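Given next are the chains, with one letter for each unit.
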Amino acid sequence: RAMATSLLHVAPPEELLRPLAVPERLLLGPGPSNVPGRIRAAGARQLLGHMHPEVLQVMDEIKAGIRYAFQTQNRLTLAISGSGHCAMEAALFNLLEKGDTVLVAVNGIWGARAADIARRLGANVHELLKAPGKYFTPQDIEQVSAGHCAVSTSCPPVWSPSPCVTQGLVQHKPLVLFITHGESSTGVLQPLEGLGELCHRHGCLLLVDAVASLGGAPIFMDQQEIDVLYSGSQKVLNAPPGSAPISFSERARAPGSDTGPTAPSCARGCLTWGWSSLWRRRWVRGKPTTSTATTERGQREDTALCSWKCAWAAFDAREKSPRSVMLSPGTVLGSPGAVGLKKARLPTITTVRVPEGYDWRDITAFLMDEHGMEIAGGLGPTVGKVLRIGLMGCNSTRGNVERVLGALRDALQRCHRSRL
């Protein structure tokens, strides 16, 4: 042992020898959100093996919880190990092959990100564009529409100052339409009514990103004829990041195949998984893999909480959440919201323009340092233009609304304001 120790030329870092100190903060940004005690307790339990029967039972319970949350009967429903971004990749990897045509609705960073991933897969990508703060109508998606186009294919795109014409389902005849339900970079809630039926009429699959909206805005996968739906665990669901619920309709599976197309990444090959723990028991005998058992337990507690505590799957979430959440920040800051139409405002993340003369970084740093509270600046096309305030899941209380509004009032009085 002495000889082995003498060969170590890199000393153990002193910071890792000290106890971990985690400050208490109120997370009111666009995610992650605070985690309830029941979910934290589930993650603190002893680790189990990924093939233990208790873990397989938890997987089945998670599957049932996701079906409830998504309002679907789809057999291919599961939680993958990874973030919401991993679920985006998994959805696109399992639907697209080289040369397939995909139409991507881009009105913020997540549509642009999906288009980028699809291009890397070799798909034929067409973008349907709206300026940040706007949403798509069925007419925009079906045929020709006027909008602000991207003058570059960067992520996020650079928008043209003048409107231009883009084409939709009729012209491009895509295999898949990608659209974001809750665009967290701009605060837009995309209406989904009629889009599934429209896509199917044109022989197209509907892929929906609900990372920032699931649990905070109504979504009904089967009723709205959504073919692939995914979300993330760390936002409205109030679970730790690292687990992403996803579901595929029967229509989304490749015709005549039990597993669908071969995904280019084994880690994202969702169509090889998710049927049931019994199917998995048979499959892993020859091809073992390791699940994140502690994350799965947190996801299980999360879906259990959703089942008995959250009634958003049957009610209009915007009508049941504090009304001041969507309106008061702009009044306090003396600046308008970034989304004009009330029906298009994402209830989970409110975007409000940065008050004139202030630097958004000063405001967010002040709230963090003086109030132990996180809010965020813009992302992608809204960087430097907006503040994003998230009230999701257990954080969406009237007390937190009043707390963040009071902190914003304090920031306006004490942060530097330019007179230029």
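Quantities reported herein were computed from a predicted structural model and do not represent experimental measurements.

### Quick notes on the confidence of the model for the protein
Mean pLDDT over the protein: 80, with 72% of residues reaching 70 or higher. Of the regions scoring below 50 in pLDDT, residues 272–290 engages in 32 contacts with residues more than four places distant in sequence or in other chains. Note that residues 303–327 has pLDDT below 50 and, in this model, 53 contacts with residues that lie over four places away or in other chains.

### With respect to helix 13 (residues 360–371)
Between its first and last C-alpha atoms helix 13 spans 16 Å; for twelve residues at 1.5 Å apiece the expected length is 16 Å, and the two agree. Those residues of helix 13 not exposed but buried are I363, T364, F366 and L367. Down the axis of helix 13, the smallest arc covering the buried residues is 155°, so these residues share one side. Those residues of helix 13 that are exposed and aimed more than 90 degrees away from the buried face are R361 and D369. Buried-residue contacts for helix 13 involve strand 14 (373–374), strand 15 (376–377), strand 16 (386–390) and helix 14 (398–414). Put simply, D359 is the residue that caps the front of helix 13, since its side-chain oxygen is 2.8 Å from the backbone nitrogen of R361.

### Considering the environment of A407
Among the secondary structure elements, A407 is positioned in helix 14. Classification of A407 by relative accessible area gives buried; the value is 0%. C-alpha of A407 to C-alpha of G372: the two residues are 35 residues apart in sequence and 9.9 Å apart in space. Contacts of A407, omitting those with residues within four sequence positions, involve F366, L367, H371 and M373.

### With respect to the UniProt feature "modified residue: N6-(pyridoxal phosphate)lysine" (unreviewed entry) in the protein
Under the feature "modified residue: N6-(pyridoxal phosphate)lysine" (unreviewed entry), the UniProt entry names K235. Its place among the elements puts K235 in the loop between strand 11 (228–230) and strand 12 (243–248). For K235, a relative accessible area of 10% translates into the label buried. Ignoring any residue separated from it by four or fewer positions in sequence, one finds K235 in contact with P30, G31, S33, V211, A212 and M392.

### Regarding the pairing of strand 4 (residues 124–129)
In summary, the side chains of a regular strand alternate between the two faces of the sheet. Sheet topology places strand 3 (residues 101–106) next to strand 4; six bridges connect them, and they run parallel. Following the sheet pairing, A105 is matched in strand 4 by L128.

### Points about helix 5 (residues 109–120)
Since there are 3.6 residues in each turn of an α-helix, residues three or four apart along the chain are aligned in direction. Here helix 5 spans 17 Å end to end across twelve residues, near enough to the 16 Å set by a 1.5 Å rise per residue. Listed as buried for helix 5 are I109, W110, G111, A112, A114, A115, I117 and A118. Phi turns positive one or two residues past the end of helix 5, at G122, with a value near 90°.

### Regarding the sheet that holds strand 16
The strand order 13-16-15 describes an open sheet built from three strands, whose pairing is antiparallel. Only two strands of the sheet have a single neighbouring strand rather than two, namely strand 13 (349–353) and strand 15.

### Observations regarding the sheet that holds strand 12
Across the sheet, which stays open at both edges, the seven strands sit in the order 2-12-11-10-7-3-4 with mixed pairing between neighbours. Since the sheet does not close on itself, it has two edges, and those belong to strand 2 (76–81) and strand 4, each with one partner. On average, each strand axis in the sheet is inclined to that of its neighbour by 20°, with strand direction left out of account. Its contacts with the sheet place helix 3 (residues 53–70) against strand 2, strand 11 and strand 12, and it is angled at close to 110° to strand 2.

What counts as what
Residues numbered from 1 in each chain as written. Predicted model: local features only at pLDDT ≥ 70, side-chain atom pairs only at ≥ 80, totals over all residues. Heavy atoms only, no water. pLDDT = per-residue confidence, 0-100. Contact = heavy atoms within 4.5 Å. Helix = DSSP H or I, 4+ residues; strand = E, 2+ residues; numbered from the N terminus. Expected span 1.5 Å × (residues − 1). Buried < 20%, exposed > 50% of the residue type's maximum accessible area, 1.4 Å probe, protein only. Arc of directions from axis to C-beta. Polar contact = N/O pair within 3.5 Å; in protein donor to acceptor, adjacent residues only side chain to side chain. UniProt positions renumbered as here; feature names shortened; annotations may be inferred. Pairing = 2+ DSSP bridges. Axes fitted to C-alpha atoms, helices over the stretch in contact; angles between N-to-C directions.

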